[in-house]
Amino acid sequence: MEKTILIDDIPVLFKRRKGSKNMRLYVRKGQACLSMPWYVLNMTGERFVRAHMVWLKEQLKQSAPSRTFQDGQDICLLGTPLRIQWVGGTKTGEKDGVLSVGGEACHLHRRVSDYIKRQTLAYIEKKAAEYAGRPLGHIQLRDTHSRWGSCSAQGHLSFCWRLGLAPLFVLDYVIAHEVTHLSEMNHSYRFWQKVKAINPDVARAKRWLATNGHTLH
Ligand SMILES: [Zn+2]
């Protein structure tokens, strides 16, 4: 029996095994897994994962070899399906469902990632301002494996750039989540009420991240 549980915004796959006598936490292909005896409660498993959180985050960072973008690959950028096509020349840009990539063929991956990052950051800045009701400075993109977004005590927001490849309702939820942290630095009931007030799609987005999040890397 398997079930994904979100712990500190990290999806952990709880695997109950008949024969197992102990809990064992490990990372496989960028996915955190906890194998556990069938009778152990979710709550107990969750406590176990939390106790090993520092270790887990380190493992997640090291695991998950990131895939590289290929010529001819189909991606979905900010909700728009695009086919990556290397054309050479100087410009990289999208038109009619094609992301034409310039530069040398061996730099295709970097060119595509840079393009995704630029578009994603522009989208996040716009959406965050809309959610916050004011323009926000200090928005950064990172290549994080364990967290989709974060908000520092100074009010600086950062996001994993790969969210640009997730469905828009997922990205919008992460933006709403981090923008809400500007006023609520916790995950209290009030925090979730505020997130839902600006973006009602919370449950669906969390479910998507828990099930498909690792495919973005
Ligand atoms: Zn949070």
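Residues numbered from 1 in each chain as written. Predicted model: local features only at pLDDT ≥ 70, side-chain atom pairs only at ≥ 80, totals over all residues. Heavy atoms only, no water.

Enquirer: Teacher, can you tell me more about the side chain of serine 158 here?
Expert: By the element assignment, serine 158 lies in strand β11 (residues 157–160). The class of serine 158 is buried, set by a relative accessible area of 6%. Among the polar contacts listed, one links the side chain of serine 158 to the side chain of arginine 142, at a separation of 3.4 Å. What serine 158 contacts, discounting residues up to four positions off in sequence, is Gln140, Arg142, Trp148, Gly149 and Ser150. (Helix = DSSP H or I, 4+ residues; strand = E, 2+ residues; numbered from the N terminus. Buried < 20%, exposed > 50% of the residue type's maximum accessible area, 1.4 Å probe, protein only. Polar contact = N/O pair within 3.5 Å; in protein donor to acceptor, adjacent residues only side chain to side chain. Contact = heavy atoms within 4.5 Å.)

Enquirer: Is there a simple way to explain the nonpolar core in this structure?
Expert: A general feature of soluble globular proteins is that nonpolar side chains tend to end up buried together. The biggest cluster of nonpolar side chains holds 43 residues, and the ones touching the most others in it are Ile75 and Ile175. Among the secondary structure elements, those contributing two or more residues to this core are β5 (74–77), β6 (80–86), β8 (98–101), α3 (108–132), β11, α4 (168–181), α5 (189–198) and α6 (202–212). Each residue touching isoleucine 75, except ones within four places of it in the same chain, is listed here: Phe69, Thr80, Pro81, Leu82, Ile84, Leu99, Ile116 and Leu165. If you look at the next biggest cluster of nonpolar residues, it comprises 14 residues, including Val12, Phe14, Leu25 and Val40. (Core = buried A, V, L, I, M, F, W, Y, C linked by side-chain atoms within 4.5 Å.)

Enquirer: It is not clear to me how the domain arrangement of the protein should be interpreted in this structure. Could you clarify?
Expert: Looking at the protein, the domain boundaries give domain 1 (2–62) and domain 2 (74–216). Measuring from the centre of the C-alpha atoms in domain 1 to the corresponding centre in domain 2 gives 26 Å. Taken together, the 10 residues of domain 1 in the interface contact 10 residues of domain 2. Of the roughly 880 Å² buried at the junction of domain 1 and domain 2 (both faces included), carbon and sulfur atoms supply 56%. At the junction of domain 1 and domain 2, the tally comes to zero salt bridges. (Domains from an automatic or database assignment. Buried area = accessible area lost by both parts, 1.4 Å probe. Salt bridge = Lys/Arg side-chain N within 4 Å of Asp/Glu carboxyl O.)

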